[in-house]
Amino acid sequence: MSFLQIDKVCKSFGPINVLRDISLDVEEGGFLVLVGPSGCGKSTLLNTIAGLEKLTTGEIRIEGNVIDDLEPADRNIAMVFQSYALYPNMNVGQNIAFGLEMRGMPKDERDAKVAEVAKTLQIEHLLDRKPGQLSGGQRQRVAMGRALVRNPKLFLFDEPLSNLDAKLRVDMRTEIKRMHQTFGSTIVYVTHDQIEAMTLGTRIAVLKDGIVQQYGTPAEIYNDPSNMFVADFMGSPAMNLIPATVRGHAIEMSRAGDDPLVLSFDALPVTVSARNGQDVIVGIRPEAITDAAGRGGEKSIQATCRIDVVEPAGADIYAITTLGGKEVVTRLHQDWSGSANQAADLLFNLEKIVFFDPQSGERLR
Amino acid sequence: MAHSSQPAFSSARLLRACLYAVLILFAVYYLLPLFVMLVNSVKTLDEIRGGNMMAFPENFTFEPWLTAWSSAQIGVEPTGLSPYFINSILMVVPAVTISTFLGALNGYVLTKWRFPGDKIVFGLMLFACFIPFQIVLIPMARVLGTIGLAGTTSGLVLVHVVYGLGFTTLFFRNYYAAFPDELIKAAKMDGAGFWRTFTRILLPSSGPIIVVTVIWQFTNIWNDFLFGASFADFDSMPMTVALNNLVSSSTGVKEYNVHFAGAVLAALPTLIVYVVSGRYFVRGLMAGAVKG
């Protein structure tokens, strides 16, 4: 049985449905990331797990026990907030010990626990400082310490990295991942940053408008998106979504100032080939379109395309071409020698191409 | 370069000098009444009658102060103002404490424990700030009579608490509205309930607004005349009413120096409160204004 079960949870504020029929399971020691654009309901879902919001219908269970009617403090859940929410009037040690104090733990036991956690997080020298005197990264550590010290069953993180600068964000991301590996804790993590979701999660739930668009491992979400929203939202640069027409076993995309580009498949998915002569949306990640120097995979087709813009990015070069009237980002090797406004040979990896219905945006399999 | 910047520099100085001159003028203008009161309170009565009101005393004496404090005729007894000073203290301290505490509690509930209709409740409390004193006199007299607190210090405390609640709630609500909700959520997760969140998290962070509220309430209640005159009897009369009785007594000679000394005595506590915590007052008002 799963450790955390979110079972058909709905939440509405008056007439507005914020969460619609959400069901997710997390195994013990799992790292679930809730990701989506702002207003998708991810923070509300986290708050209902924490008990800070009451859910309208459905059930949330931890180890099989329904926790819906328990107070937040009785759920044995700890939460790290976006602003860290350190009590400004207390020093770091008191902040970490507050939860234990509220549970009536004697002072010497509390002190021992705080010392232990402070040592693990390397914040021993900060215990006497006030939160106002700490840097962003230190505050983050203290907030994690406050969660860890209670040894809860479940950790909730509400966009904990969004207040940090870019460099620190990457460091703290690693720190959270390390904490997860060291303590084997079960974590539910909310973010709007798809890179955080990919790097941290063992499971990702992509939400939009209070509905789970897709729930799966990072690899599934990335390689096998279930609709155009997930394909577009996850991955940077985003997946290219190109309007195309089905022609038998091939698909055809218009190419600026040239004949249409035709990609012939051994076999198209049935739902795609059934649409002979109709339009579909072709989804292809930038790294599945590469220069001829690289191996594009076994089932690759080479084609010549005109390059509009070249964006060197260090390890790779992003070259932009136009297909089906849309800008298409390709990811080329750094030793590629072409330049803008010239034609270049590109390899399309047919194994990595997915198809979507232009009207509904749903995946065609 | 140096040549051309010289006139601009001196004209800026001139402007500054004018500014200071005007400011000093206003300061003198505002301080003059206080000066007159202080100077005349240490003169003999003859000197006041015979001389210039603005002049410094020729024969310096503390006699008027002692008289005003302990032996001036207030009503029938020659008690001086001291018993009424005590009355005022006995009224102000509980009234300020209770109204500030309840205001903080109201602010906490109205911002962090929202309930349906909380805006209406707050609107009604805000409305209390705009009710003129005179309107509530008769109903309040009726209420005090019914609950048996008419003519007592406790009755005055009740009146001032009720009347001050609108203001104190307004102050604390606006201050707590800017207090991060995440801290309250964190306290909930940590297992702190309604009261412990209030006493351990919110109150320790409320220093500036407590100072503002205490100054505001202290000044208003200490200086109040109308409620004191209406609801107190002779034994519970506050300082302001006693001062009025002292000054407007129609028997004997008008002892202006004693009146001046008494007036300064009556104003002294609020003056001290301002001097001690005035800078917090300004800071607190600014903080509330910017964040709220």
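Note that the structure is predicted; figures quoted are calculated from it, not measured.

Caption draft 1: Looking closely at the sheet that holds strand E7 (residues 154-158) of chain A. Residue and element names in this part refer to chain A. An order of E6-E7-E8-E3-E9-E10 is seen for the 6 strands of this open sheet, with the pairing classed as mixed. Only two strands of the sheet have a single partner each, and these edge strands are strand E6 (77-80) and strand E10 (211-216). Ignoring which end each strand starts from, the neighbouring axes of this sheet average 15 degrees apart. Sheet topology note: the strand E9 (residues 203-208)/E10 ladder contains 5 bridges and is antiparallel. Paired with Lys208 across the bridge in E10 is Ile211. Along the sheet, helix H4 (residues 136-148) makes contact with E6 and E7, crossing E6 at roughly 175 degrees.

Caption draft 2: Looking closely at the environment of Pro64 of chain B. All names here are of chain B. Examined against the element boundaries, Pro64 turns out to sit in helix H3 (residues 63-71). Measuring from C-alpha to C-alpha, the distance between Pro64 and Ser41 comes to 6.4 Å, with 23 residues separating the pair along the chain. The residues touching Pro64, leaving out its near neighbours within four places in the chain, are Ser41, Asn257, Val258 and Ala261.

Caption draft 3: Local environment of the domain arrangement of chain A. Residue and element names in this part refer to chain A. Under the domain assignment, chain A is made up of domain 1 (4-233) and domain 2 (240-364). Spacing between the C-alpha centres of domain 1 and domain 2 amounts to 39 Å. Counting from both sides, the interface comprises 7 residues of domain 1 and, opposite them, 8 residues of domain 2. The residue makeup of the side of domain 1 that touches domain 2, split by class, is 4 nonpolar, 2 polar and 1 charged.

Caption draft 4: Region of the structure containing the nonpolar core. Ranked by internal contacts, the top residues of the largest apolar core, which has 159 residues, are Leu32, Leu34, Leu156 and Val282 of chain A. Examining the composition of this core, we find that 11 residues originate from one element, helix H7 (residues 153-177) of chain B, more than from any other. Once residues within four sequence positions are removed from consideration, Leu156 of chain A is found in contact with Leu46, Ile49, Ala50, Ile77, Met79 and Val188 of chain A.

Caption draft 5: Here's a closer look at the domain arrangement of chain B. Residues and elements named next belong to chain B. Annotation of chain B at the domain level lists domain 1 (2-70) and domain 2 (74-291). The interface is formed by 14 residues belonging to domain 1 together with 13 residues belonging to domain 2. Contributing elements (two or more residues each) for the side of domain 1 that touches domain 2: helix H1 (2-41), helix H2 (45-50) and H3. For the side of domain 1 that touches domain 2, the per-class residue count stands at 8 nonpolar, 5 polar and 1 charged.

Caption draft 6: Here's a closer look at the environment of Asn223 of chain B. Residues and elements named next belong to chain B. Within the fold, Asn223 resides in helix H10 (residues 207-223). With 16 C-beta atoms packed within 10 Å, Asn223 lands in the partly exposed category. Along the backbone, Asn223 and Met239 are 16 residues apart, and their C-alpha atoms lie at a distance of 8.5 Å. Residues in contact with Asn223, not counting those within four places in the same chain, are Thr240 and Thr270.

Caption draft 7: Geometry of the packing of helix H5 (residues 118-128) of chain B against H7 of chain B. Residues and elements named next belong to chain B. Look at H5 against H7: their axes get within 7 Å of each other, and the N-to-C directions meet at 125 degrees. Our classification of the angle between H5 and H7 gives oblique. Here the hand of the crossing between H5 and H7 comes out left-handed. Where H5 abuts H7, its residues Phe122, Met125, Leu126 and Ala128 lie against Leu165, Gly166, Thr169, Leu170 and Arg173. Grouping the constituent residues of the contact of H5 with H7 by class yields 6 nonpolar, 2 polar and 1 charged.

Caption draft 8: Local environment of the UniProt feature "transmembrane region" (unreviewed entry) in chain B. Residues and elements named next belong to chain B. According to UniProt, the positions carrying the feature "transmembrane region" (unreviewed entry) are residues 12-32, 84-108, 120-141, 147-172, 193-218 and 256-276. The span residues 12-32 is 100% helical and 0% strand by assignment, and the distance between its end C-alpha atoms comes to 30 Å. Across residues 256-276 one finds 100% helix and 0% strand; the C-alpha atoms that close the span lie 30 Å apart.

Caption draft 9: Up close: the packing of helix H3 (residues 107-121) of chain A against H4 of chain A. Residues and elements named next belong to chain A. The contact between H3 and H4 brings their axes to 10 Å, and the two run at 135 degrees. As judged from the angle between their axes, H3 and H4 are oblique. Here H3 runs over H4; the crossing is right-handed. Facing H3, whose interface residues are Val117, Ala118 and Leu121, H4 presents Arg141, Met144, Gly145 and Leu148. Residues that form the contact of H3 with H4 fall into these classes: 5 nonpolar, 1 polar and 1 charged.

Caption draft 10: View of the sheet that holds strand E19 (residues 342-349) of chain A. Residues and elements named next belong to chain A. Strand order in the open sheet formed by 5 strands is E15-E19-E16-E17-E18, with antiparallel pairing between adjacent strands. In the strand order of this sheet, the two ends are held by strand E15 (289-291) and strand E18 (326-333), each with one partner. Put simply, the sheet's adjacent strands are angled 50 degrees from each other on average, direction ignored. Relative to E19, strand E16 (residues 300-312) is paired through 8 bridges, and the arrangement is antiparallel. Across the sheet, the residue bridging to Ile307 is Gln342, located in E19.

Rules used throughout
Residues numbered from 1 in each chain as written. Chains lettered and ligands numbered in written order. Predicted model: local features only at pLDDT ≥ 70, side-chain atom pairs only at ≥ 80, totals over all residues. Pairing = 2+ DSSP bridges. Helix = DSSP H or I, 4+ residues; strand = E, 2+ residues; numbered from the N terminus. Axes fitted to C-alpha atoms, helices over the stretch in contact; angles between N-to-C directions. Contact = placed C-beta atoms within 7 Å. Domains from an automatic or database assignment. Nonpolar A, V, L, I, M, F, W, Y, C, P; charged D, E, K, R; others polar. Core = buried A, V, L, I, M, F, W, Y, C linked by C-beta atoms within 7 Å. Buried ≥ 20, exposed ≤ 12 C-beta atoms within 10 Å, placed from the backbone. Parallel < 35°, antiparallel > 145°, perpendicular 65-115°, else oblique. Left-handed = near helix turned anticlockwise from the far one by under 90°. UniProt positions renumbered as here; feature names shortened; annotations may be inferred.

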